[in-house]
Amino acid sequence: EGAVVSNNILNDVAFGISVTNFDVGGRMALVTGNVIRRVTGGTADGVTAGGAIHAEADTLVANNVIEDAKDFGISLGWGDKTRNLSAEGNLLRNCNRSITASVTQGAGSIQIVNNVIASHKGPAIVGMDYLEVETEDLAATGAKIPANLAVNGNMVTP
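Okay, so let's go over this structure. Residue positions are given per chain, counting from 1 as you read along its sequence in written order. In keeping with the predicted nature of the model, local features appear solely for residues at pLDDT of at least 70, side-chain atom pairs appear and are counted solely at 80 or more, and the whole-chain, interface and lining totals rest on all residues. Side-chain numbers come from the whole structure's heavy atoms, not from hydrogens or water.

**What to know about the sheet that holds strand β15 (residues 110-113)**
In step 1: Note on pairing: DSSP must find at least two bridges between two strands before they are called paired. Secondary structure elements are defined from DSSP: runs of H or I of at least 4 residues count as helices, runs of E of at least 2 residues count as strands, and each element is numbered from the N terminus. The 6 strands are arranged β1-β4-β9-β12-β15-β19 in an open sheet whose pairing can be described as parallel. Each end of this open sheet is capped by a strand with a single partner; those strands are β1 (3-6) and β19 (149-152). Between one strand axis and the next, the sheet turns through 5° on average, direction left out of account.
In step 2: Looking at chain direction, strand β12 (residues 83-88) and β15 are connected through 4 bridges and run parallel. In the sheet register, Ala87 faces β15, and the bridge partner there is Ile112. Axis lines are fitted through C-alpha atoms, for helices just across the contact stretch, and the angle between N-to-C directions can take any value from 0 to 180 degrees.

This is the structure in structure tokens:
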């Protein structure tokens, strides 16, 4: 609770930065100014994932540079263990799913604004119910944005 994770360089990692366990007090963090490259994936609690940054509650993820994340660049929320999350001003390049956000029933508010997403392999921004994709690409023109999300001003390039 109350962590600042900033100005780190992470290269060739299984998983990057994780601000989790909201159900037992894990919350309130600032994740800024990190450079995370070549995230290959690992297994924890039976879930295999290669993600750069994951946060569950009361966390600002801002001004990070993420490149080559196997599964996702930034993951916001985990099911209904999601509250007050913001991803803004990040640069994501060559990630399978650049930004994922929990849209599970009971998930709290998530803001995704002013990020630059380039050379993405899969959807730029997608809503998830735990491990299941629940939405179309939310960065697409005319996408139906779930009620718990605010998605604005993101620049997506091929």
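On we go.
**Notes on the sheet that holds strand β10 (residues 65-69)**
In step 1: Pairing in this open sheet of 6 strands is parallel, and the strands run β2-β5-β10-β13-β16-β20 from one edge to the other. With partners counted over all chains shown, the strands left at the sheet margins are β2 (9-13) and β20 (155-157), one partner each. For this sheet, the mean inter-axis angle between neighbouring strands, taken without regard to orientation, is 10°.
In step 2: Pairing analysis gives 4 bridges linking strand β5 (residues 35-39) to β10, with the strands arranged parallel. Residue pairing in the sheet places Arg37 in a bridge with Glu67 of β10.

**What about the nonpolar core?**
In step 1: With 30 residues, the main nonpolar core has Ile53, Ile66, Ile74, Leu76, Ile99, Ile112 and Ile125 as its most contacted residues.
In step 2: Looking at this core element by element, the count peaks at 3 residues for strand β8 (residues 51-55).
In step 3: By definition in these notes, contact holds between two residues if any of their heavy atoms fall within 4.5 Å. Filtering out sequence-adjacent residues up to four positions away, Ile112 remains in contact with Leu76, Ala87, Ile99, Ala101, Ile125, Ala150, Val151, Asn152 and Asn154. The term nonpolar core refers to a set of buried residues drawn from Ala, Val, Leu, Ile, Met, Phe, Trp, Tyr and Cys, joined through side-chain atoms within 4.5 Å. Each residue's exposure class comes from its accessible area (1.4 Å probe, protein chains only) as a fraction of the maximum for that residue type: buried when under 20%, exposed when over 50%, partly exposed otherwise.

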